[in-house]
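# Residue-level structural notes
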Amino acid sequence: MIPLIDLFAQYNTIKTDVDNAISKCIAESNFIKGKAVAEFESAFSEYLGSGFCIGCANGTDALELILKALNIGAGDEVIVPALTWIATAEAVSNSGAEPVFADIDPVTYCIDYDDLEKKITRKTKAVIPVHLYGFPAEMDEIMKISKKHGLHVIEDCAQAHGAEYSGRKVGTMGIASSFSFFPSKNLGAFGDGGAVITDNSGLAEAVRKIANHGQLTERHRHFLIGRNSRLDAIQAAILSVKLKHLDDWNFIRQNIASQYNLRLKATPGLTLPYSDTKSKHVFHQFVIRCRNRNKAIELLENKQISWSIHYPAALPFTDAYKYKNHREMDYPESARITGEIISIPIYPELRSEQLALICDQLNRYVQ
Ligand SMILES: *Cc1c(COP(=O)(O)O)cnc(C)c1O
């Protein structure tokens, strides 16, 4: 069986360092806040070239904390792509604001900035581009439109640790950005974790307060009614070990993607992922597109090759958001692509013979 991702294989490549980091945390028995969290926060903000990093419980919370710190809530609208993990929209809903969907670009699969601009109303306060599958959204256009209309840009970087757009790391272009350290992300913990990134010191302080019961450094001084959303010390210590390998792992993902592109490009009917020289794609997923998806699935399953669909339904058509009464024609690209996409295994530990088998099977694809 070839899995979609092999976290145990990854652990085995860094076992000693991870085990030592965990043991050190246990020896200190300072499980909440403390040195390990502060060390990871400064290492990650330095890696990104950003002023502040605030660890939190997960990537969904990171978005919600940013929205709350920006005072976005009831009566406001926030534009999100129709095709993304549901967390992007959920965070908006849970802040009290209303998510408004924009269709995706059929080539990059990221938010369509023309549709984004059409969705702006007097109530719009922010837009959340998602760097989907590890490919950066069209940030120059998004920043330009947002500036023109006075909107905040919040980058959802949950799938794009280390990705770059025009030489800049994603997560450093908007007012703030969210990261997830869910185990299967490009930088993943051994459980849940997340972070908020920003260059704005006031916003950083507001996020820190909200995430820690309204407190800053002084205990029992509650500046506001906050909540509890923290990154655990053990997770932070593991993330500090893994961060050192992130660029290498992303590089291997890119090499695997190049191999896939080379070996699959001659097979008619398979559309391979878009990339360009302006952007550094970090291939959180390798997503191919084909009309006869069931045939591709059958070929993969014949050799026990794992696959997935990210995502089977665009958000406007999920039960959760059906109250908005959207029709397929409102989001034609998102509606079409969800019937054609399939994600195949991509992770740094994928072996060359496994990659060869996957390509051999997909080379048999006929439309
Ligand atoms: C994973 C993910 C999130 C949420 O992250 P969690 O840590 O699981 O809460 C948000 N947005 C996108 C696009 C994601 O892929």
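For the structure, check the block above.
A short tour of the structure in this document, coming up.

Scoring rules and cut-offs
- Starting afresh in each chain, residues are numbered from 1 along the sequence in its written order.
- In keeping with the model being predicted, local features are shown solely for residues with a pLDDT of at least 70 and side-chain atom pairs are shown and tallied solely at 80 or more, while totals for entire chains, interfaces and linings include all residues.
- By convention in this description, side-chain values take in all heavy atoms of the structure and omit both hydrogens and water.
- Working definition: helices are DSSP H or I runs of at least four residues, strands are E runs of at least two. Numbering for both runs from the N terminus.
- Values of the radius of gyration come from C-alpha atoms, whereas the globule rule sets the reference at 2.2 Å times the count of residues to the power 0.38.
- Here the term buried applies to any residue with accessible area under 20% of the maximum for its type, exposed to any over 50%, and partly exposed to those in between, with areas from a 1.4 Å probe on protein chains only.
- Any two residues whose heavy atoms approach within 4.5 Å at even a single point are treated as in contact.
- We count Lys and Arg on the positive side and Asp and Glu on the negative side, and we leave His and both chain ends out.
- By convention, charge coordinates are those of NZ in Lys, CZ in Arg, CG in Asp, or CD in Glu.
- A residue counts toward a patch only above 30% relative accessible area and without a salt bridge, and it is joined to like-charged neighbours within 9 Å or, for Val, Leu, Ile, Met, Phe, Trp and Tyr, to nonpolar neighbours within 5 Å.
- Surface exposure here means Shrake-Rupley accessible area, sampled with a 1.4 Å probe, where a residue is shielded only by the protein chains that are shown.
- What makes a salt bridge here is a side-chain nitrogen of Lys or Arg within 4 Å of a carboxyl oxygen of Asp or Glu, nothing more.

Below, the discussion takes up the overall build of the chain. When you go through the chain residue by residue, the secondary structure sums to 13 helices and 12 strands. For 367 residues, the compact-globule estimate of 2.2 N^0.38 gives 21 Å, and the C-alpha radius of gyration of the chain, at 21 Å, lies within 12% of that figure. Considering only C-alpha atoms, the chain reaches an extent of 65 × 55 × 35 Å along its principal axes. Looking at the chain as a whole, 55% of its 367 residues qualify as buried. Contacts spanning at least 24 positions in sequence make up 70% of the contacts within the chain whose residues lie at least 6 apart. Computed over 40 positive and 43 negative side-chain charges, the separation of the two mean positions in the chain equals 1 Å.

Judged by side-chain polarity, Ile26, Phe31 and Ile32 come together as a nonpolar surface patch covering roughly 260 Å² of accessible area. Here phenylalanine 31 lies in the loop between α2 (15-28) and α3 (34-48).

Turning next to the pattern of salt bridges. Going through the model one piece at a time under the given rule, you end up with 22 salt bridges. The shortest N-O distance in the salt bridge between arginine 208 and glutamate 41 comes to 3.2 Å. Placement of the pair is arginine 208 in helix α8 (residues 201-211) and glutamate 41 in helix α3, with a sequence separation of 167 residues. Residues glutamate 205 and lysine 209 are paired through a salt bridge, measuring 3.6 Å at the closest nitrogen-oxygen approach. Of this pair, glutamate 205 and lysine 209 both sit in helix α8, 4 residues apart, which is roughly one turn of the helix. When salt bridges with common partners are traced through the structure, they connect Asp61, Glu64, Lys68 and Arg227 into a single cluster.

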